[in-house]
Amino acid sequence: KKRVGILISGRGSNMMSLIAAARELDYPAEIVCVLSNRPEAEGLSKAAAAGIRTGAFDHKSYGSREGFEADLDKALRAAEVDIVACAGFMRKMTAGFVEGWRDRMINIHPSLLPSFRGLDTHARALEAGVKLTGCTVHVVRAELDAGPIIAQAAVPVLEGDTSERLAARVLEAEHTLYPHALSLLASGRAVVAGEIVQLPQGPINQAKPL
Ligand code: GAR
């Protein structure tokens with residue numbers, strides 16, 4: 001099994017969906033640690049309650065981004081992590097840190113990339129009047145919210161949606177998509193080939209219908 005370290009900043013609902021999936025005997029990855037840049041992140045106590053090793057590195061207590069990332073990197077390597085899964089990790093990362101985990105660090109983003117990179121994705125989707133939005137799991141590159149796409153799920157925008165209602169509908173899709181995408185990568189069924197992820201033949205790149 002691949003050893004996975006999860007990076008969070010807050011609530012950790014996607015983290016919990018990965019922890020739950022990885023409890024299945026035939027899942028190709030195990031969650032070995034959960035690390036946060038915010039010591040007060042709700043997800044840390046949820047992970048600890050699930051019996052996962054946790055660590056907090058308060059970014060505000062570091063003089064530089066590099067110093068913070070060096071400690072994070074050290075903790076991931078000490079845990080012998082194979083794959084880093086960002087799950088609501090809200091810190092920008094330097095190219096150096098990202099390159100150290102090239103093709104082995106993934107992220108979930110609440111839009112159909114390359115649309116709506118960055119923050120406030122749901123408010124911007126509503127403002128743009130799109131009728132479909134969704135979520136994307138991608139391999140992390142130095143450029144923010146860019147990188148080879150492993151899997152996506154589409155979610156309809158409905159009449160009367162607020163960004164909160166839309167966020168809740170997309171989050172439900174995220175909780176299915178992320179375990180699916182991590183499984184594809186950890187099992188070797190998804191292969192990063194330059195800036196494209198190759199998947200086996202068939203409708204395997206679709207998460208289970210919601
Ligand atoms: C999720 O919706 C995730 O897609 C988003 O933050 C939320 C974290 O929720 N991530 C980003 O916006 C990354 N740019 P969670 O802590 O409950 O998983």
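Here the structure is a predicted model, which means the values were calculated and not measured. (Residues numbered from 1 in each chain as written. Predicted model: local features only at pLDDT ≥ 70, side-chain atom pairs only at ≥ 80, totals over all residues. Heavy atoms only, no water.)

A. Here's a closer look at the site of the ligand. Contacts to the ligand come from Arg11, Gly12, Ser13, Asn14, Gly88, Met90, Ile108, His109, Pro110, Leu171 and Glu174. Side-chain polar atom of Ser13 to an oxygen atom of the ligand: 2.5 Å apart, as the coordinates give it. Between the ligand and Glu174, the relevant distance is 2.7 Å, taken from an oxygen atom to a side-chain nitrogen or oxygen of the residue. Computed on the free molecule, the ligand has an accessible area of 440 Å², of which 86% lies beneath the protein chains in the complex. If you list the elements that add at least two residues to the shell around the ligand, you get α1 (13–22), β5 (105–109) and α6 (163–186). A breakdown of the residues in the shell around the ligand according to their chemical character gives four nonpolar, five polar and two charged. (Near = heavy atom within 4 Å. Polar contact = N/O pair within 3.5 Å; in protein donor to acceptor, adjacent residues only side chain to side chain. Areas by Shrake-Rupley, 256 points an atom, 1.4 Å probe, with all protein chains shown as cover. Helix = DSSP H or I, 4+ residues; strand = E, 2+ residues; numbered from the N terminus. Nonpolar A, V, L, I, M, F, W, Y, C, P; charged D, E, K, R; others polar.)

B. View of the pattern of salt bridges. In total, this model carries ten salt bridges according to the counting rule given. Notably, a salt bridge pairs Glu99 with Arg102, separated by 3.1 Å at the nearest N-O pair. The network of salt bridges with shared partners includes Glu99, Arg102, Asp103, Arg141 and Glu195. (Salt bridge = Lys/Arg side-chain N within 4 Å of Asp/Glu carboxyl O.)

C. Up close: the packing of α1 against α6. At a minimum axis separation of 9 Å, α1 and α6 run at an interaxial angle of 45 degrees. On the basis of the axis angle, α1 is oblique to α6. In the packing of α1 onto α6, the handedness of the crossing is right-handed. Two secondary-structure elements touch here, α1 through Ser13, Asn14, Ser17, Leu18 and Ala21 and α6 through Leu171, Glu174, His175, Tyr178, Pro179 and Leu182. Residues that form the contact of α1 with α6 fall into these classes: six nonpolar, four polar and one charged. (Axes fitted to C-alpha atoms, helices over the stretch in contact; angles between N-to-C directions. Parallel < 35°, antiparallel > 145°, perpendicular 65-115°, else oblique. Left-handed = near helix turned anticlockwise from the far one by under 90°. Contact = heavy atoms within 4.5 Å.)

D. Main features of the packing of α1 against helix α2 (residues 42–49). Remark: α1 packs on α2, axes separated minimally by 9 Å, with the N-to-C direction vectors making an angle of 15 degrees. With respect to α2, the axis of α1 lies roughly parallel. By crossing handedness, the relation of α1 to α2 is classed as right-handed. Packed against α1, whose contacting residues are Met15, Met16 and Ile19, the element α2 presents Gly43, Lys46 and Ala47 at the interface. In terms of residue class, the contact of α1 with α2 is made up of four nonpolar, one polar and one charged.

E. Structural view of the packing of aromatic side chains. Counted by the stated rule, this structure contains one aromatic pair. The interplanar angle of 70 degrees and the centroid separation of 5.8 Å between the aromatic rings of Tyr62 and Phe68 together place this pair among those described as edge-to-face. A relative accessible area of 23% means that Tyr62 is categorised as partly exposed. Sitting over the face of the ring of Trp101, Arg77 holds its NZ or CZ atom 4.2 Å from the ring centroid. (Phe/Tyr/Trp six-rings, centres within 6.5 Å; stacked < 30°, edge-to-face > 60°. Buried < 20%, exposed > 50% of the residue type's maximum accessible area, 1.4 Å probe, protein only. Lys NZ or Arg CZ within 6 Å of the ring centre and 35° of its normal.)

F. Representation of helix α5 (residues 121–128) in the model. Listed in full, the buried residues belonging to α5 are Thr121, His122 and Ala125. Along the long axis of α5, the arc covered by the buried residues comes to 95 degrees, so they all point the same way. On its buried face, α5 is in contact with β5, β6 (132–139) and α6. Just downstream of α5, Gly129 is the residue with a positive phi angle, here 75 degrees. (Arc of directions from axis to C-beta.)

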